[in-house]
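Structural overview
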Amino acid sequence: MFENVKKDELKYVGKKVERLDADEKVTGSALYTGDLVLPGMLYAKVKRSPYARAKIVRINTKKAEALPGVHCVLTGAELNYRVGLYLVDKYVLAKDVVRHFGEAVAAVAAETPVIAQKAVDLIEVEYEELEPVLDCVKALDKNAPLVHPDLGTYEYVQAVFTPVPGTNIANHTKLRKGDIEKGFKEADFVFERTYKNPNVQHVPMETHVAIGQWLPNDKINIWTSAQSPFTVRNLFAYSFKIPRNNIRVIVPYIGGGFGGKAGIGLEPLACCLSRKAGGRPVKLQATREEEFSLLPCRSALVYKIKTGVKKDGKIVAQQMTMYWDSGAYADYAVNVTRASGYSGAGPYEIPNAWLDAYTIYTNKPFGTAYRGFGHVEFSWGIERNMDYVAKQINMDPLKFRIINALKPGSITLTGEHITENTGNVVKCMEAVAEKINYGKLTAEEKQYEKRTGMKIGKSVVALHKAPAMPPFTATSVILKMNEDGTVIANIALSEIGQGAYTALAQIIAEQLKFPIEKVRVSIDSDTDKEGYDWQTVASKGLILSGNAAILAAQDLLKKAYNVAAQILRANPVDLDNDGEKIFLKHHKDKCVYFSQIAVGYSYPDGNGIGGPLIGVGVYCAQGLTNLNKETGQGLPALDWTYGAHGVVVAVNSYTGEFEVLKIASAFDVGRVINPQCVRGQVVGGVVQGLGTAMCEGYIYDGKGKLLNPSFTDNKIFTSLDVPEIIGIAVETPQIDGAYGARGVGEHPMIAVCGGVGNAIENACGADLTYMPIRQEDVWRALQKKK
Amino acid sequence: MLIKVNINGKDYEKDVAPYKNLLYFLREDCGLTGTKEGCGAGECGACTVIMNGKTVNSCLVLAVEANGAKIETIEGEAVNGKLSKIQEAFKKHHAVQCGFCTPGMIMSVKALLRKNKKPKEEEIKEAIDGNLCRCTGYKQIIEAVQDITGQLKKEEEIIYV
């Protein structure tokens with residue numbers, strides 16, 4: 001919508017605007033769920049499993065229950081509810097068996113957190129330790145123990161997913177395009193390699209927190225840090241068989257999500273505790289350590305890629321096998337497998353493709369959505385592989401990428417035809433190549449090498465991603481006009497830090513022709529008071545909620561003009577507004593102020609017309625389909641946001657020490673709505689991508705115990721680690737995007753890892769297949785080379 | 001144990017448990033929830049406050065250790081409904097996303113600027129390297145500090161191609 005409007009005709013869209021939630025955030029007055037204290041509120045703590053796989057022989061809660069100040073103790077034996085998004089596979093508390101280190105086996109609600117923790121320590125659990133399943137490839141062996149022997153009885157979304165009962169496969173996504181055998185026969189060369197990456201933690205600065213209140217007659221109130229209040233409500237209602245209108249989910253300010261707060265989390269346990277404690281509200285906030293193992297992480301991946309290529313550099317066939325280690329549960333991870341399955345070749349055209357993606361249960365903390373939704377992980381393999389193949393056929397890797405890039409006329413893995421409006425990945429690659437002086441060293445860089453003895457390496461990598469969501473995903477925006485003609489926007493999408501509310505306010509102000517100061521977005525989410533939004537995930541906010549915002553603004557103006565038309569005795573088509581009043585286009589002095597009609601117009605004699613002006617905008621994704629389960633063919637993508645990174649590293653080729661000097665990152669965002677928000681996503685995403693590339697990841701002992709659940713042993717990037725980052729916007733308008741815009745929330749994080757690995761190889765020849773790339777890994781790879 | 005603490009210029013006299021840390025004292029006993037807990041282990045800096053002129057992780061300080069101390073928190077930063085220069089700069093540069101690290105980050109910047117009127121880029125980075133931020137990538141925070149101190153050479157912006 002409005003994708004072709006020229007920049008100079010726009011007042012707010014495309015302009016710098018300060019974040020509308022900044023005042024509350026810089027003053028510390030923004031209230032997050034953890035800041036809330038409700039009358040009578042109790043505090044919960046959980047007892048966690050020290051084993052990756054064990055039978056629960058017995059749990060003795062007597063001493064805990066006897067502790068003064070304890071209101072209730074819960075174990076899995078009392079609860080018979082499974083919860084999950086696409087595959088309903090997880091009990092609220094472990095029953096009979098524990099499936100991962102850190103899993104909750106019992107919980108306490110008490111008057112203070114200190115008492116609750118004391119009570120947890122008094123709970124005695126007797127386990128019978130079992131041999132854990134820790135290797136996701138070995139988990140496919142016929143004689144491997146089953147993590148979920150009852151998989152065949154679980155409910156799941158049958159039109160989309162394929163669990164394989166009697167195995168550890170929670171989902172098998174297939175993709176078949178062209179004729180793979182013929183493709184490999186046509187190839188001049190065939191290469192096969194395997195790439196790996198581990199579990200990674202999202203690390204929102206605010207840990208997960210929920211306050212649950214279960215009142216008599218199943219009236220439920222939930223305050224939570226969740227990204228997606230309506231999905232919390234939906235999944236809660238489904239599992240507990242309670243009508244949606246009995247459940248209210250309120251989400252105050254959210255301290256970061258990155259996918260880890262999508263789906264459902266601590267809410268069911270907090271509510272079950274509340275029910276047992278007589279309806280008192282119960283707050284359950286994860287500790288940082290619990291964030292790593294009680295709550296979900298990113299799945300690990302083993303990615304096998306076999307590529308057939310012609311001498312001229314054209315890929316003719318590619319067989320891909322993804323072994324997704326989703327850990328103990330896969331309610332959300334099955335969809336990561338699906339989404340990465342349909343785009344798993346990266347932004348390249350593969351005429352003959354064969355892909356199998358398996359979501360595999362193991363006895364590790366479980367995987368969920370994480371910024372990039374599988375694309376960060378598989379791009380490591382794909383982008384390393386592109387460089388590997390290029391090197392083998394003696395072709396420049398950038399040239400090789402451009403030859404194979406998806407362009408207008410290309411056909412994606414699922415059979416979608418790429419058009420001029422899909423976006424331009426080649427332009428992204430060329431832009432970053434220029435910014436890093438790809439393929440050569442500048443005089444300054446030569447001097448740097450001389451001065452430091454380090455070798456400089458450069459790379460260009462490319463990426464794409466579409467929102468991974470049901471094909472009928474929908475959202476809504478409601479605009480209410482106040483007595484003075486100002487507007488409150490009720491946006492069902494959540495603000496989790498990404499800046500969506502600011503960008504959407506710009507779109508609303510643009511449409512209404514109102515000064516942006518007159519538009520305020522209500523920050524809290526409340527399922528009782530907002531329309532509906534599926535989830536705040538997938539980088540779909542700007543397109544879906546952007547369109548809903550445009551439609552809501554149009555609806556508001558239409559209603560306002562209809563009232564004004566009666567007052568002015570005019571046809572609504574002859575009316576326009578200047579942000580303050582509605583006037584006749586041909587007689588501007590004939591006007592009525594918004595403030596006169598905002599809540600109903602009163603004639604001099606007291607007669608009234610109109611009423612409160614409320615604009616409603618709803619928008620549903622259009623034309624998308626489920627994928628054929630045997631071939632993976634169909635239309636899954638609302639839009640494709642393309643991007644590219646140019647990476648410059650300096651490597652000590654003796655010790656393996658390296659430093660990222662510079663990254664240029666370009667994204668075809670369709671249209672920039674707010675350049676500062678775009679830059680915020682680019683810089684923040686690239687830095688998160690660097691963390692994934694260089695220092696983050698779960699480390700287990702041989703029995704599946706997590707060894708590094710803290711910032712001491714699982715470092716994330718600090719201010720001292722950040723290199724020069726150049727953000728670049730390409731603007732190929734998306735026809736069905738709001739003002740042509742596409743989402744860019746996840747994309748900056750994707751393929752950073754491949755870019756770093758390729759630049760290191762370019763500098764010193766170290767051939768890396770495992771991420772994160774630690775300095776010792778580079779040293780080891782250098783030893784291998786020798 | 002009875003302690004006396006001056007927080008943002010106001011005296012508080014309260015009875016606290018000897019095991020209670022300063023963070024929970026501020027949040028629970030004084031109602032000052034602007035200071036956040038990100039890890040409870042002194043690793044993330046979300047709970048940074050200024051104690052007797054120096055930044056501390058308030059999760060690592062016992063409330064009783066703060067007896068007689070002068071504490072500055074984010075709630076004292078805006079005066080009479082007016083944002084401070086640091087807060088204005090954070091706003092202007094989008095140095096805020098989810099906002100959870102922001103109070104602690106602002107306290108670290110405040111302590112830096114008090115002792116160093118023109119910190120170099122490296123000094124700014126060092127001053128906030130104990131404050132983890134998962135959203136912004138830090139650049140905009142550094143630029144905000146450079147702007148306050150009149151050292152921002154040019155506004156960093158997205159490049160259009």
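Within each chain, residue numbers correspond to sequence positions counted from 1 in written order. For this description, chains carry letters from A and ligands carry numbers from 1, given in the order in which they are written. Local features in this predicted model are restricted to residues of pLDDT 70 or higher, and side-chain atom pairs are both shown and tallied only at a pLDDT of 80 or more, whereas totals for entire chains, interfaces and linings draw on every residue.

1. Comments concerning the domain arrangement of chain B
All names here are of chain B. Note that domain bounds follow an automatic or database assignment of domains. We note that the domain assignment places domain 1 (2-76) and domain 2 (85-148) within chain B. If you average the C-alpha positions of domain 1 and of domain 2, the two centres end up 21 Å apart. Taken together, the contacts link 15 residues of domain 1 with twelve residues of domain 2. For helices the rule is a DSSP run of H or I covering at least 4 residues; for strands it is a run of E covering at least 2, with both sets numbered from the N terminus onward. Elements that contribute at least two residues to the side of domain 1 that touches domain 2 include exactly strand E3 (48-51) and strand E4 (54-57). Ranked by residues supplied to the side of domain 1 that touches domain 2, first place goes to E3 with three residues. In this description, any two residues whose backbone-derived C-beta atoms lie within 7 Å of each other are considered to be in contact.

2. What about the packing of helix H10 (residues 397-404) of chain A against helix H11 (residues 425-435) of chain A?
Residues and elements named next belong to chain A. Between H10 and H11, whose axes approach to 10 Å, the crossing angle comes to 165°. Here H10 is positioned roughly antiparallel relative to H11, judged by the angle of their axes. Helix-helix and strand crossings are classified by hand; for H10 and H11 the assignment is left-handed. Residue-level contacts link Leu398, Arg401 and Ile402 of H10 to Val426, Met429 and Ala433 of H11. Angles run from 0 to 180 degrees between N-to-C directions of axes, and those axes are lines fitted to C-alpha atoms, restricted for helices to the stretch in contact. Roughly parallel covers angles under 35 degrees, roughly antiparallel covers those over 145, roughly perpendicular covers 65 to 115, and oblique covers all other angles. Handedness of a crossing is defined here by the sense of rotation of the near helix relative to the far one, left-handed for an anticlockwise turn of less than a right angle and right-handed for a clockwise turn.

3. So, the environment of serine 108 of chain B
Residue and element names in this part refer to chain B. Looking at where serine 108 falls in the secondary structure, it is placed in helix H3 (residues 102-115). Taking the C-alpha atoms as reference, serine 108 lies 15 Å from lysine 118; in sequence the two are ten residues apart. If sequence neighbours within four positions are ignored, serine 108 has contacts with Gly45, Thr48, Thr55, Ala127, Ile128 and Asn131.

4. Let's talk about the domain arrangement of chain A
Residue and element names in this part refer to chain A. Assigned domains within chain A: domain 1 (7-30 + 473-620), domain 2 (33-132 + 208-285) and domain 3 (300-469 + 625-785). Taking only C-alpha atoms, the centre of domain 2 and the centre of domain 3 are 36 Å apart. Across the boundary between the two partners, domain 2 contributes 20 residues, which contact 21 residues of domain 3. Classes in brief: Ala, Val, Leu, Ile, Met, Phe, Trp, Tyr, Cys and Pro nonpolar; Asp, Glu, Lys and Arg charged; the others, Gly included, polar. The class makeup of the residues in the side of domain 2 that touches domain 3 is nine nonpolar, six polar and five charged.

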